[in-house]
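Residues per chain are reported as follows:
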Amino acid sequence: MRSHQDWVQEAAKATLHTRPFIGGRFVEAGQATFENRNPATGELLSEVADTGAAGVDAAVRAARSTYDSGVWSRAGMRFRRERMLRFADLLADHAAELAVLDSLDMGKRVADAHDLDLPFSVDLFRYYAEAIDKINDEVAPTPPGTLGLIRRVPLGVVAAVIPWNYPVDMLAWKVAPAMAVGNSVVLKPAEQSPSSALRIAELAVEAGIPEGVLNVIPGLGETTGKALGLHPDVDVLAFTGSTEVGRYFLQYAGQSNLKQVWLECGGKSPHLVFADAVDLAETAKHTAAGIWFNQGAVCSAHSRVLVERSVHEEFVSLVAAEAASYAPGDPLDPAAGMGAIVSPEQTDAIMRFVDEARDSSARLVTGGERITRDGSDSYVQPTVFDDVDPTSTLAREEVFGPVLAITPFDTEAEALALANDSAYGLAASVATGSLGRAHRLSEQIHAGTVTVNGVDAFSAWTPFGGFKGSGFGRDLSLHALDKYVGLKTVWINH
Ligand code: NAD
């Protein structure tokens, strides 16, 4: 296991790419750039190209021409599988380098990026590579003398627009399934975290994936992201990010070519804790991880805890005691409990929620302070508010930071009503020792994933996504492939 010092040395060696990667190489973009700063120190890391509309067009044209050439889209399954497996191996070989890039760009604990994010992405590329030759098309029942084939065909050019909270994983969640079925991809990473995606594009070519299959265009949302959303030659746009920006992509599709749009958006996931929970102390650990892991910047962060009144006080104390293990520190230090918040602006936004909650009837149990360290004030203590009014801003809006809202309840019916009273429906967790209650609630809670006696479970093999304002479509699992293929019916009269 690497020490703090090892990671500091690894970070000192980091090379940050700044230009778009189009058609297999880094290219010049226009004059526009934006600053990439390390939130942990405020230091300027790089000046990154804002690719802009002309660059977006060049990237889409490169993707289209590679797609049309058939060098990937019509390549043999074995060719695609082997190249993707080689790509996965290269990602694994470069895990430390990529983990450092994410940590520097957006402030997460490098140990988490290295030990969790990277292995997940590597597995995901392997999973979809191995799926390539294991999914059959269909033959429909048709009258004698005819044959009806139902084929799954790649759609062409897939655009992916992703957020900053898991830069490598969000890339893998979109790129691996899209690429596996033969599409070419144009990916726009978040402006806060462009570096790992640009390096990964280079590794794809090194792995033998044909030039133009994976193009990465850094840039701002309102310029580069919008130009991609409006581009008339993009067939599918897969978006992960806020609900607010997700709405724009639906509009862009309507204003341009009716490209298919898939949205994975925000959440306000509830954790329902019942007095019959098997182990309340263990449940408090789940609650803590559910809100403080990755500084709370998790779409499915369980930011609302609904707890049965008879164990309410005890449970609040147990959760508050967990806060000590999540004290913010240098993201390059494996001993840090949390890293830095992605930017001073995001920290301001989090503190606005904290300040509003302080002025409300809610009770601050622990945390609530912004911290300055290493010349940066982008750190926030793990924070708990209790007795939060379920109609308040803190109970209803996504904070995307380490702030937990606890609300007591008296009956299962009340807990269920509170859980479902949300604009979101991404995930939910239930702590109970009752099998009947576990089944009842997992059936009735309106969320894409319900975890019983744990928090926020997910895997490469199970679908992940939401209902309502959390979007639609599913990442991960074989179901994600459906987003990147079209069904084609072929009739043969013989
Ligand atoms: P964001 O919506 O601000 O940005 C996401 C992406 O959209 C970025 O690449 C950004 O540059 C781009 N963008 C922003 N404005 C745009 C515009 N006007 N036109 C086109 N593109 C634009 O989100 P964020 O702050 O990067 O990430 C946090 C959000 O992502 C949270 O809401 C979180 O819940 C969500 N998220 C969801 C999932 C999921 O699987 N459901 C996973 C991770 C994060």
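Residues numbered from 1 in each chain as written. Predicted model: local features only at pLDDT ≥ 70, side-chain atom pairs only at ≥ 80, totals over all residues. Heavy atoms only, no water.

Glancing now at the overall build of the protein chain. Helix and strand counts for the protein chain come out as 15 helices and 23 strands. For the protein chain, whose C-alpha radius of gyration is 23 Å, the value lies close to the compact-globule estimate of 23 Å for 494 residues. In terms of its C-alpha atoms, the protein chain occupies a principal-axis envelope of roughly 70 × 60 × 45 Å. A burial count over the protein chain gives 59% of its 494 residues as buried. Sequence separation of at least 24 residues holds for 74% of the intrachain contacts in the protein chain that already meet a minimum separation of 6. With an accessible surface of roughly 19100 Å², the protein chain has 52% of that area assigned to carbon and sulfur atoms. Positive and negative side-chain charges in the protein chain, numbering 41 and 63 respectively, have mean positions lying 7 Å apart. (Helix = DSSP H or I, 4+ residues; strand = E, 2+ residues; numbered from the N terminus. Rg over C-alpha atoms; globule rule 2.2 N^0.38 Å. Buried < 20%, exposed > 50% of the residue type's maximum accessible area, 1.4 Å probe, protein only. Contact = heavy atoms within 4.5 Å. Areas by Shrake-Rupley, 256 points an atom, 1.4 Å probe, with all protein chains shown as cover. Lys, Arg positive; Asp, Glu negative; His and termini not counted. Charge placed at Lys NZ, Arg CZ, Asp CG, Glu CD.)

Let us now look at the site of the ligand. Close to the ligand lie 29 residues, the nearest being Glu191, Ser242, Tyr252, Cys265 and Glu398. Here an oxygen atom of the ligand and a side-chain polar atom of Lys188 are 2.8 Å apart. Within the backbone of Cys265, a nitrogen or oxygen atom sits 2.8 Å from a nitrogen atom of the ligand. For the shell around the ligand, the leading source of residues is helix H9 (residues 243–255), giving 4 residues. Partitioned by chemical class, the residues of the shell around the ligand number 17 nonpolar, 7 polar and 5 charged. Two domains each donate at least three residues to the shell around the ligand, and these are domain 1 (4–265) and domain 2 (270–460). (Near = heavy atom within 4 Å. Polar contact = N/O pair within 3.5 Å; in protein donor to acceptor, adjacent residues only side chain to side chain. Nonpolar A, V, L, I, M, F, W, Y, C, P; charged D, E, K, R; others polar. Domains from an automatic or database assignment.)

The next thing to look at is helix H10 (residues 280–292). For H10, spanning 13 residues, the distance from its first C-alpha to its last is 18 Å, which sits close to the expected 18 Å at 1.5 Å a residue. For H10, every residue scored as buried is listed here: Leu280, Thr283, Ala284, Thr287, Ala288, Gly290, Ile291 and Trp292. Here the buried residues of H10 occupy an arc of 165° about the axis, which is enough to place them on one side. Those residues of H10 hidden inside the fold are in contact with strand E12 (270–273), strand E13 (304–308), helix H11 (309–322), strand E17 (383–386), strand E18 (403–409) and strand E20 (427–431). (Expected span 1.5 Å × (residues − 1). Arc of directions from axis to C-beta.)

Here the focus is the packing of aromatic side chains. Within the structure shown, the criterion is met by 16 aromatic pairs. Measuring from ring centre to ring centre gives 5.2 Å for Trp173 and Phe464, while their planes differ by 70°; the resulting arrangement is edge-to-face. Placement of Trp173 in helix H6 (residues 167–180) and of Phe464 in the loop between strand E21 (449–452) and strand E22 (467–468) is noted, with a sequence separation of 291 residues between them. Take Trp173: its relative accessible area is 6%, and that puts it in the buried class. Take Phe464: its relative accessible area is 6%, and that puts it in the buried class. Taken together, a centroid distance of 6.3 Å and an interplanar angle of 15° make the contact between Tyr248 and Tyr252 stacked. (Phe/Tyr/Trp six-rings, centres within 6.5 Å; stacked < 30°, edge-to-face > 60°.)

On to the layout of surface pockets. Reported here for the second largest pocket is a volume of approximately 600 Å³. If you go around the second largest pocket, you meet 23 residues; those closest to its centre are Asp137, Arg152, Val153, Pro154 and Val181. Taken together, the elements giving at least two residues each to the lining of the second largest pocket come down to helix H3 (77–93), helix H5 (110–131), strand E6 (146–154) and strand E23 (485–493). When residues of the lining of the second largest pocket are assigned to their parent elements, the largest contribution, 4 residues, is made by E6. The class makeup of the residues in the lining of the second largest pocket is 15 nonpolar, 1 polar and 7 charged. (1 Å grid on protein atoms, 1.4 Å probe; cavity = no way out; pocket = protein on both sides within 12 Å on 5 of 7 lines; lining within 4 Å. Points joined across faces, edges and corners; volume = space filled by probe spheres on them.)

Glancing now at the sheet that holds E6. Here 3 strands make up an open sheet; going across it, the order is E5-E6-E23 and the pairing antiparallel. The open sheet has two free edges, formed respectively by strand E5 (138–140) and E23, since each of these has just one partner strand. Taking each pair of neighbouring strands and ignoring which way they run, the sheet shows an average axis angle of 30°. As paired elements, E5 and E6 share 3 bridges and run antiparallel to each other. (Pairing = 2+ DSSP bridges. Axes fitted to C-alpha atoms, helices over the stretch in contact; angles between N-to-C directions.)

Among the secondary structure elements, Ser184 is positioned in strand E8 (residues 184–188). For Ser184, a relative accessible area of 1% translates into the label buried. For Ser184 and Ile341, which are 157 residues apart along the polypeptide, the C-alpha to C-alpha distance reads 33 Å.

With that settled, the discussion passes to the nonpolar core. Core analysis: the largest hydrophobic core is formed by 71 residues, its most contacted members being Met84, Phe87, Phe125, Tyr128, Met179, Leu187 and Leu214. Residues in contact with Tyr128, not counting those within four places in the same chain, are Met84, Ala176, Pro177, Ala180, Leu476, Ser477, Ala480 and Leu481. Counting 23 residues, the second-largest nonpolar core is a separate cluster that includes Ala59, Val157, Val261 and Leu263. (Core = buried A, V, L, I, M, F, W, Y, C linked by side-chain atoms within 4.5 Å.)

Here we come to the side chain of Lys174. Here Lys174 shows up in helix H6. Looking at Lys174, its side chain comes within polar contact range of the side chain of Asp475, at 3.0 Å. Residues contacting Lys174, with those up to four places away along its chain left out, are Ala160, Ile162, Ala238, Phe239, Thr240, Glu264, Asp475, Lys483 and Tyr484.

Between its first and last C-alpha atoms H6 spans 20 Å; for 14 residues at 1.5 Å apiece the expected length is 20 Å, and the two agree. Of all 14 residues in H6, 14 are buried, a share of seventy percent or more.

Attention now goes to the packing of H3 against helix H7 (residues 195–206). One way to put it is that H3 packs onto H7 with a least axis distance of 9 Å and a crossing angle of 135°. With respect to their mutual orientation, H3 and H7 come out oblique. Judged by the twist between their axes, the crossing of H3 over H7 is right-handed. Seen from H3, the contacting residues are Phe87, Leu90 and Leu91; seen from H7, they are Ile200, Leu203, Ala204 and Glu206. Taken together, the residues of the contact of H3 with H7 sort by class into 6 nonpolar, no polar and 1 charged. (Parallel < 35°, antiparallel > 145°, perpendicular 65-115°, else oblique. Left-handed = near helix turned anticlockwise from the far one by under 90°.)

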